[in-house]
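Each chain, letter by letter, is given below.
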Amino acid sequence: MNSAVLHGLPANGAEMISEQFVRARLAGQSLPQFPGQVPTNLADAYACQEAAIKRFPDTIVGWKVARIGAAFAQQFPEERLVGPVFQRNLYTARVGQVIDFPIFDGGFAAVEAEIVLRVNEDAPANKKDWSIDEAAELVRSFHLGVEVAGSPLATLNDIGPGAVISDFGNNWGVVVGSAVGEWRSIEEIVALTFIEDALVGRGTAFIRQGALGALAFALNKCAERGRPLRAGDVISTGAITGVHDIRIGQQSRHIFEGCGEVECRGVRAGQYPSNATR
């Protein structure tokens, strides 16, 4: 193999990409274009994500999980992808509270109604073959929630999974709402998303294949990367009603029929707090 190339990215390509994405995120600024060569495979994309994690001055407290679309399945042959959730971007929503979350002016921003699972205990570091049933036993609590998808690059989602994985999985926060106590007896939950009181999406979360399947994937993928899940980690398990663009100043409402709701509002991103810790 040519020593100047790793899987397709130029030498130092992951470092260059991660440096520009992290710098923009910390400054609360947008990027005009993808900063370098877009990764064309999973290995390169996760290499970029790893480089960015090492640069970012905050602690990982969980992971977002999202499906890889059928159009990209051959190029990126995994059912889902993961991205880190950082401590400063984890929000707990009380009933009736509206959570403000940051949006990069000129970047990408969306809200996604999701089921959020909290992990009960550290996953064994050497276990990389989690089944859905085994994953279910690791759930401490089951929550209504919202993933705040966000990137300094407005076109990140359009470029595809290589770009998305590179930039923290296009995540800029997770809102953890009310806990559902008897979740094991629920097979599905219908969710609706409103932005500025307009219905923008409706969908059904299938608990076993959806939320628990996403947790099993995260357990396997993170162990493969040498980052096994830890007690207390939150796992945002995938969009139920779709990915809904949102602008600075707009408010979203996410209703989970028979369970509760979560409300959020986009605000202009500023500089990432300097006292964030790893």
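Only a predicted model underlies this, so the values are computations on that prediction, with no experimental measurement involved. (Residues numbered from 1 in each chain as written. Predicted model: local features only at pLDDT ≥ 70, side-chain atom pairs only at ≥ 80, totals over all residues. Heavy atoms only, no water.)

**Student:** Any chance you could explain the overall build of the protein chain here in plain terms?
**Tutor:** Looking only at helices and strands, the protein chain has six helices and 15 strands in total. Here the C-alpha atoms of the protein chain give a radius of gyration of 18 Å, agreeing with the 19 Å that 2.2 N^0.38 yields for 278 residues. The C-alpha extent of the protein chain, read off along each of the three principal axes, is 55 × 45 × 40 Å. Sorting the 278 residues of the protein chain into buried and exposed places 55% on the buried side. Sequence separation of at least 24 residues holds for 77% of the intrachain contacts in the protein chain that already meet a minimum separation of 6. (Helix = DSSP H or I, 4+ residues; strand = E, 2+ residues; numbered from the N terminus. Rg over C-alpha atoms; globule rule 2.2 N^0.38 Å. Buried < 20%, exposed > 50% of the residue type's maximum accessible area, 1.4 Å probe, protein only. Contact = heavy atoms within 4.5 Å.)

**Student:** What's the story with the layout of surface pockets in this structure? I'm lost.
**Tutor:** The probe, sized like a water molecule, is rolled over the atoms to show the empty space still left. Each pocket or cavity is described by its volume, and for the largest pocket that value is around 600 Å³. Along the wall of the largest pocket there are 31 residues; nearest its centre are A66, R67, E112, G238 and A239. Counting residues per element, the ones that place at least two in the lining of the largest pocket are strand 3 (60-67), strand 4 (80-86), strand 7 (108-119), strand 8 (139-151), helix 5 (161-166), strand 11 (198-206) and helix 6 (207-224). Of the volumes computed, that of the second largest pocket is approximately 170 Å³. If you trace the second largest pocket, you find 11 residues lining it, with I53, I60, W63, R227 and R230 closest to the centre. Residue composition of the lining of the second largest pocket, by class: five nonpolar, one polar and five charged. (1 Å grid on protein atoms, 1.4 Å probe; cavity = no way out; pocket = protein on both sides within 12 Å on 5 of 7 lines; lining within 4 Å. Points joined across faces, edges and corners; volume = space filled by probe spheres on them. Nonpolar A, V, L, I, M, F, W, Y, C, P; charged D, E, K, R; others polar.)

**Student:** Got a minute to help me understand the packing of aromatic side chains in this structure?
**Tutor:** Working definition: an aromatic ring pair is given by the centre-to-centre distance plus the angle between the planes. Under the criterion given, the structure shown has nine aromatic pairs. For the ring pair W172 and Y272, a centre distance of 5.4 Å and an interplane angle of 40° mean the geometry is tilted. Taken together, the residues W172 in strand 9 (residues 171-179) and Y272 in the segment after strand 15 (260-268) connect sequence positions 100 residues apart. Across this residue pair, the class does not change: W172 and Y272 are buried. (Phe/Tyr/Trp six-rings, centres within 6.5 Å; stacked < 30°, edge-to-face > 60°.)

**Student:** Sorry, what's going on with the environment of E121 here?
**Tutor:** Within the secondary structure, E121 sits in the loop between strand 7 and helix 3 (132-136). Apart from the residues within four sequence positions on either side, E121 is in contact with L138, L229, R230 and A231.

**Student:** Looking at this structure, I do not really get the pattern of salt bridges. What am I missing?
**Tutor:** Close approach of charged atoms allows side chains with opposite charge to pair. Here the structure, examined in full by the defined rule, presents 19 salt bridges. Linking R184 and E137 is a salt bridge whose minimum nitrogen-to-oxygen distance equals 3.9 Å. A residue pair is termed long-range when its members are at least 10 positions apart, and R184 in the loop between strand 9 and strand 10 (188-195) and E137 in the loop between helix 3 and strand 8 qualify at 47 residues. Residues joined by salt bridges that share partners form a network here, namely E50, R225 and R227. (Salt bridge = Lys/Arg side-chain N within 4 Å of Asp/Glu carboxyl O.)

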